[in-house]
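Results of the structural survey
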Amino acid sequence: MQRCRLLRIRMAMNNEVLAIILGGGQGARLFPLTQHRSKPAVPIGGTYRLIDIPISNCLHADIRRIFVLTQFNSASLNRHVTQAYRLDIFSQGFVEILAAEQTPDNPNWYQGTADAVRQAARHFVRYDADYYLILAGDHLYRMNYAELIDEHIDRRADITIAAQPVTVDDATGMGIFRFHHGGQIDAFEEKPNRDRLDEIAQSIPQGATFGGHTPARPFVASMGVYVFSRDVLLDVIEQEGAADIGLQVIPPALGRYRVNAHLFRGYWADVGTVASFYEANIMLTRPGAPFRFYDPRRPIYTHARFLPGARLSDCVARDAIVAEGCSLDRSTIEQSVVGIRTNIQTGATIRRSVLLGADFCEADDDAPARDGNPRLGIGRDVVLDRVIVDKNARIGDGARLVNEAGVMRADGDGYYIRDGVVVVPKDGVIKPGQSV
């Protein structure tokens with residue numbers, strides 16, 4: 001019986017499921033990391049990009065027909081997907097970019113998640129698929145999509161939404177379920193404010209025991225992971241004025257279709273703000289972290305760069321991730337992520353910081369930088385604490401970025417402060433001796 005069940009799942013993955021990954025909008029809450037790229041293209045964990053998460057989860061579930069819908073600042077995302085995911089040319093699998101496009105019938109860009117799927121439908125409806133798996137491109141988690149779709153089939157659902165218990169603070173930025181005593185979904189509200197949450201009190205009725213929620217996590221929220229049966233998706237996205245799936249598609253669908261909530265008990269994070277992005281990266285450096293990129297059964301894939309191993313000369317590194325292609329000389333690294341091709345010079349101290357790395361290496365380590373700017377990377381005797389340094393940035397000798405004043409938000413000379421974290425933008429320059 002179990003073998004037949006697994007065979008059915010595998011058959012569904014190969015022949016009946018098509019994945020649609022949403023490339024995200026402007027990503028203003030993650031500025032300046034989204035100044036030159038879309039959210040799914042933001043580097044994470046030293047080596048990866050956020051888009052690698054949903055694509056890898058799909059590949060491990062044997063879902064190999066994947067569309068990535070892009071619009072805003074999409075060049076780096078398109079390049080990464082094209083370089084990283086070249087599937088076997090003798091199979092029917094693909095990872096294909098569907099960029100927003102103006103047509104004679106519709107001159108508008110994507111207006112939201114539902115509108116993006118609606119406009120892209122003319123490209124994917126020609127593929128045979130009984131189920132559409134719709135995913136966000138900017139979340140950090142590892143999920144077995146085979147189990148999700150298997151539950152959708154077993155319960156004969158029209159729509160299945162992956163859900164997770166969350167805190168009150170997190171609930172204000174998410175779609176929240178309310179359930180009947182029997183476990184059926186009673187209502188769905190997108191991003192309720194704090195007053196509304198106080199009225200709801202909790203997603204599960206008093207006295208009910210299902211859902212896995214706790215007093216610390218009283219609300220059950222959507223993870224932005226959806227399974228739609230084919231005809232249902234094509235019907236709901238045609239609703240007049242429906243631009244967003246969570247806000248304008250799911251609530252009216254509750255009275256028309258069988259909507260199922262799939263409870264996910266693993267680690268999940270929406271890294272849509274500077275604070276959440278920073279915390280997710282620092283979490284990776286801790287022993288026993290609830291998420292790690294390497295898993296012997298389901299690793300996260302990315303673009304193979306063929307870089308040499310990191311070189312550390314007389315360094316101290318504690319609870320740190322140092323990616324390939326890095327060069328560190330007599331420096332101290334603590335609770336930090338050091339991204340690919342990062343050059344850290346003598347005497348630097350990096351604490352609780354996230355360095356996204358570089359797209360290239362400078363040819364001569366001893367040569368002066370061009371245009372009078374500091375050399376690529378982290379200069380001599382630099383001190384960084386609670387800092388995000390974006391790609392190809394240059395931090396001059398003796399600079400000190402520690403935000404001693406505890407400023408929560410500011411725009412400065414070569415840097416930004418968001419949520420108390422100092423952010424040096426992509427290609428940014430911090431002058432020698434500059435202090436923040």
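Just above sits the structure.
Residues numbered from 1 in each chain as written. Predicted model: local features only at pLDDT ≥ 70, side-chain atom pairs only at ≥ 80, totals over all residues. Heavy atoms only, no water.

The buried fraction of strand 6 (residues 131–136) is high, at six of six residues. The two faces of strand 6 match: Tyr131, Leu133 and Leu135 on one face and Tyr132, Ile134 and Ala136 on the other face are all buried. Relative to strand 6, strand 1 (residues 17–22) runs parallel, the two sharing six bridges. Bridge pairing links Ile20 to Ile134 in strand 6. (Buried < 20%, exposed > 50% of the residue type's maximum accessible area, 1.4 Å probe, protein only. Helix = DSSP H or I, 4+ residues; strand = E, 2+ residues; numbered from the N terminus. Pairing = 2+ DSSP bridges.)

What follows concerns the nonpolar core. One finds Ile55, Leu133, Tyr145 and Val225 to be the most contacted residues of the largest nonpolar core, which totals 65 residues. Excluding anything up to four places from it in sequence, Tyr145 contacts Pro54, Asn57, Cys58, Ala61, Ile63, Leu133, Leu135 and Val225. Judged by nonpolar contacts, the second largest core, of 42 residues, contains Val117, Ala121, Ala129 and Val259. (Core = buried A, V, L, I, M, F, W, Y, C linked by side-chain atoms within 4.5 Å. Contact = heavy atoms within 4.5 Å.)

Let us now look at the environment of Gly46. Within the element layout of this structure, Gly46 appears in the loop between strand 2 (43–44) and strand 3 (48–49). Judged by its relative accessible area of 12%, Gly46 falls in the buried class. The spatial distance from the C-alpha of Gly46 to the C-alpha of Gly420 is 22 Å, given a sequence separation of 374 residues.

A few words on the sheet that holds strand 30 (residues 421–424). Spatially, the seven strands line up as an open sheet ordered 16-19-22-25-30-29-28, and their pairing is mixed. The open sheet has two edge strands, strand 16 (321–322) and strand 28 (409–411), and neither has a second partner. Relative to strand 30, strand 25 (residues 387–389) runs parallel, the two being bridged by three bridges. If you follow Val387 over to strand 30, its bridge partner there is Val422. Packed onto the sheet, helix 10 (residues 274–284) meets strand 16, strand 19 (337–338), strand 22 (354–355), strand 25, strand 29 (416–418) and strand 30 and runs at close to 90° relative to strand 25. (Axes fitted to C-alpha atoms, helices over the stretch in contact; angles between N-to-C directions.)

So, about the sheet that holds strand 15 (residues 316–318). Taken together, the five strands give an open sheet; going across it, the order is 15-18-21-24-27, and neighbouring strands pair in parallel fashion. Of all the strands in the sheet, the pair left with one neighbour each is strand 15 and strand 27 (400–401). As paired elements, strand 15 and strand 18 (residues 332–334) share three bridges and run parallel to each other. Bridge assignment links Arg318 to a residue of strand 18, and that residue is Glu334.

Before going further, it helps to spend a moment on the pattern of salt bridges. Counted by the stated rule, this structure contains 22 salt bridges. Two residues, Asp359 and Lys391, come together in a salt bridge whose shortest N-O distance is 3.0 Å. Here Lys391 lies in the loop between strand 25 and strand 26 (394–395) and Asp359 lies in the loop between strand 22 and strand 23 (377–378), a separation of 32 residues in the sequence. The exposure class assigned to Asp359 is partly exposed, which follows from its relative accessible area of 36%. Each of Arg178, Glu189, Arg196 and Glu199 takes part in one network of salt bridges that share partners. (Salt bridge = Lys/Arg side-chain N within 4 Å of Asp/Glu carboxyl O.)

This part is about the pairing of strand 1. Across the six residues of strand 1, six count as buried, placing the element largely inside the fold. Burial along strand 1 is two-sided: the face carrying Val17, Ala19 and Ile21 and the face carrying Leu18, Ile20 and Leu22 are both buried. Relative to strand 4 (residues 65–70), strand 1 runs parallel, the two sharing four bridges. Bridge pairing links Ile21 to Val68 in strand 4.

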